[in-house]
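What the coordinates show
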Amino acid sequence: EQDVGYSEDWNNKQKEVHDALDSSDIGSVLDVACNTGWYALMAENLGKSVVAFDIDESCVDVLYQKVSRDQLNILPLVMNFTQLTKNRYSIHDGNLVLIDAIQRLRSDAVMVLGIIHHLILGVGMSFEEVLEPLLLLSERRLIIEFVESDDDKIKNEPSFFPAYFKDRTLIDDYDINKLIRLLEERNCKVDVRPSYPATRKMLICQKQ
């Protein structure tokens, strides 16, 4: 497995995420749809306190095994971004028994790598619906990887994205400039950086 300590051999995506996190004003990081957690491990290696979640239990288990073996400052969770928990109160005494996920997981920086296209084209969410919880979760910086519509998988395997497969007009609205505009309207300063492969871009969003 590739080392999480900085390397000149890293691709653009790895370097850009590293640079966006390697900052004294970022103490805590949330990794949304973390997969097996390579970027969460990179963040922890930079001295950050990390929460990483994914919908796929087997992916989270891979990360959990590593975290418990190496005693890392990462909390791995199995969770679905489209079903973040809300405040829940006891039916007996009305006391709060479950604090909503946005309050619990709010972090200095939030990473959303290679998932936005699944939420928009797969699930059928709008950019606005995706951004609302992300901006509430992020105190300072939001790191979004945008997969362009000419990406191999979107172009050649549309059935992989159920909402888009059903309604091909969804792609008309799936536009990086629209996403940047929505972020700027929500008081974010957006820096567009390269990612890997070239059909992807990193949006480093600083809350103003």
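Refer to the structure above for everything that follows.
The following paragraphs examine the structure supplied in this document. Values in this document were obtained by computation on a predicted structure and should not be read as measured data.

1. Thoughts on the environment of Gln-206
- For Gln-206, the position within the fold is in strand β9 (residues 200–207).
- Assessed through its relative accessible area of 23%, Gln-206 is described here as partly exposed.
- With 19 residues separating them in the primary sequence, Gln-206 and Asn-187 have C-alpha atoms 8.4 Å apart.
- Setting aside anything within four residues of it in sequence, one finds Gln-206 in contact with Asp-25, Arg-140, Arg-141, Asn-187, Cys-188 and Lys-189.

2. Digging into the packing of helix α5 (residues 116–123) against helix α6 (residues 127–137)
- Contact geometry of α5 with α6 gives a least axis separation of 10 Å together with a crossing angle of 140°. If you check the angle between α5 and α6, you find them oblique. Between α5 and α6 the crossing geometry is right-handed. Contact residues: α5 offers Ile-116, Leu-119 and Ile-120, while α6 offers Phe-127, Val-130 and Leu-134.
- Of the residues in the contact of α5 with α6, the class split is six nonpolar, no polar and no charged.

3. Observations regarding the environment of Gln-65
- One can find Gln-65 in helix α3 (residues 57–70).
- Under the relative-accessibility criterion, Gln-65 is labelled partly exposed at 42%.
- For the pair Gln-65 and Arg-104, spaced 39 residues apart in sequence, the C-alpha to C-alpha distance is 23 Å.

So, how was this worked out
- Residues numbered from 1 in each chain as written.
- Predicted model: local features only at pLDDT ≥ 70, side-chain atom pairs only at ≥ 80, totals over all residues.
- Heavy atoms only, no water.
- Helix = DSSP H or I, 4+ residues; strand = E, 2+ residues; numbered from the N terminus.
- Buried < 20%, exposed > 50% of the residue type's maximum accessible area, 1.4 Å probe, protein only.
- Contact = heavy atoms within 4.5 Å.
- Axes fitted to C-alpha atoms, helices over the stretch in contact; angles between N-to-C directions.
- Parallel < 35°, antiparallel > 145°, perpendicular 65-115°, else oblique.
- Left-handed = near helix turned anticlockwise from the far one by under 90°.
- Nonpolar A, V, L, I, M, F, W, Y, C, P; charged D, E, K, R; others polar.

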